[in-house]
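A closer look at the structure
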Amino acid sequence: MRRGMSWFNVTSVSFGLAFLYLPMLVLVVYSFNASKLVTVWAGFSTKWYGSLFHNAKFLDAALISLKVALVSAMLATALGTMTAFVLVRAGRFPGRTVFAMLVFAPLVMPEVIIGLSTLLLFIAVGLDRGMWTIILAQSTVQISFVTVIVAARLASHDRSMDEAAQDLGCTQLTAFWLVTLPLIAPAVVSGWFLAFSLSLDNLVVASFTSGPESTTLPVRLFSMVRTGVSPEINALSTIVIGIVATGVIAAALVERRARRKTTD
């Protein structure tokens, strides 16, 4: 017999949702505040959005963040997919345990350690800090996440399809490209999106490896928040929340439509 939600469950869920989303709601409301003081309401205004799009520092940081996220996500997805293929399909080989430990270590290692170690590496090899150092450092972390996602999909993949393709004359590379990759494509795409999101949100590693002309958006926001919250930060955060909400709603609608087609 099914029972309705108890008052305790309703209260717990309500407090949990309020704890997560009430600060975002306050931020969105105060992004339309006419006052420069973010805690004092002085009427409705959209001037901070106009000021945001005329702020060259914000725009440059956002552009650098997008470039870093795109390149690091592609690099991490390619290397993570190959790493997952080796771990799942190569079987037991000398050093496999050590290799797997090295691959998955960034998942549990503090980002401060990763950022500091990569900074020392770049200094040792004489590589000037800039956009490419951020990409290399962030890809180190993202490869582990992509490997976990793709390896889980590969583990459940039926190898007989690859063997059948090779029996029909395909090489191992051709079989992977024409058979395996299309089947694991959802996991590869999911890994790319996760890597992209991790890069956009990364602050610690980027703060260690960024140069004076390659400041990412999280680093820029953090440096501004330390001296006081600007209404432009509220406007930028509201835009990001809107983009994320639109993406989530669009994905839900697409999934709902796909389910309807399968049921019909």
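Above this text you will find the structure in question.
Everything in this summary refers to the structure shown in the same document. Counting starts from 1 at the beginning of each chain's written sequence and moves along it residue by residue. Only residues with pLDDT of at least 70 are given local features in this predicted model, and only at 80 or more are side-chain atom pairs given and counted; all residues enter the totals for whole chains, interfaces and linings. To obtain the side-chain values, all non-hydrogen atoms of the structure were used and water was disregarded.

Quick notes on the side chain of Q142
How we decide: The helix count covers DSSP runs of H or I at least four residues long, the strand count covers runs of E at least two residues long, and both are numbered beginning at the N terminus. The classification of residues rests on relative accessible area computed with a 1.4 Å probe and restricted to protein chains. Under 20% of the type maximum is buried, over 50% is exposed, and intermediate values are partly exposed. Contacts were defined at the residue level, with two residues in contact if any of their heavy atoms lie within 4.5 Å.
Assignment of secondary structure puts Q142 in helix α6 (residues 131–155). A relative accessible area of 2% places Q142 in the buried class. Not counting chain neighbours up to four residues away, the residues in contact with Q142 comprise S72, A73, A76, A195, L198 and S199.

Comments concerning a positive patch on the surface
Spelled out, the test is: Within this analysis, patches are made of residues with over 30% relative accessible area and no salt bridge. Like charges are joined at 9 Å or less; nonpolar side chains (Val, Leu, Ile, Met, Phe, Trp, Tyr) at 5 Å or less. The Shrake-Rupley method, run with a 1.4 Å probe sphere, supplies the accessible areas, and residue values consider only the shown protein chains as cover. Take a side-chain nitrogen of Lys or Arg and a carboxyl oxygen of Asp or Glu: if they are within 4 Å of each other, that pair is a salt bridge. The convention is simple: Lys and Arg are positive, Asp and Glu are negative, and His and the chain ends are not counted. All charge positions are set by atom: Lys at NZ, Arg at CZ, Asp at CG, Glu at CD.
A contiguous patch of positive charge on the surface is contributed by R256, R257, R260 and K261. Tracing the chain through its elements places K261 in helix α11 (residues 231–263). K261 sits in the exposed class, given a relative accessible area of 62%.

With respect to helix α1 (residues 7–30)
Formally: Expected span, for any helix, means 1.5 Å times one less than how many residues it has. To obtain the bend at a residue, axes are fitted to the seven residues ending there and to the seven starting there, and the angle between these axes is taken.
Counted at 1.5 Å a residue, the expected span for α1 with its 24 residues is 34 Å, and the 33 Å between its end C-alpha atoms agrees. The largest bend in α1 is about 40°, located at Y21, with the proline P23 one to four residues further on.

What about the packing of aromatic side chains?
Definition in use: Two aromatic rings, drawn from Phe, Tyr or Trp (for Trp, its six-membered ring), form a pair once their centres lie within 6.5 Å of each other, and the interplanar angle then sorts them: stacked below 30 degrees, edge-to-face above 60, tilted otherwise.
If you walk through the whole model with that rule in mind, you get five aromatic pairs. On the numbers, 5.3 Å between centres and 10° between planes, the contact of F32 with F44 is stacked. A residue pair is termed long-range when its members are at least 10 positions apart, and F32 in the loop between α1 and α2 (47–53) and F44 in the loop between α1 and α2 qualify at twelve residues. Considering the side-chain rings of W192 and F196, the 5.2 Å spacing of their centres and the 15° angle between planes classify their relative orientation as stacked. Placement of both W192 and F196 in helix α8 (residues 172–201) is noted, with a separation of four residues, approximately one turn of the helix. Take W192: its relative accessible area is 22%, and that puts it in the partly exposed class. Members of the aromatic cluster, each reached through a chain of ring pairs, are F32, F44 and Y49.

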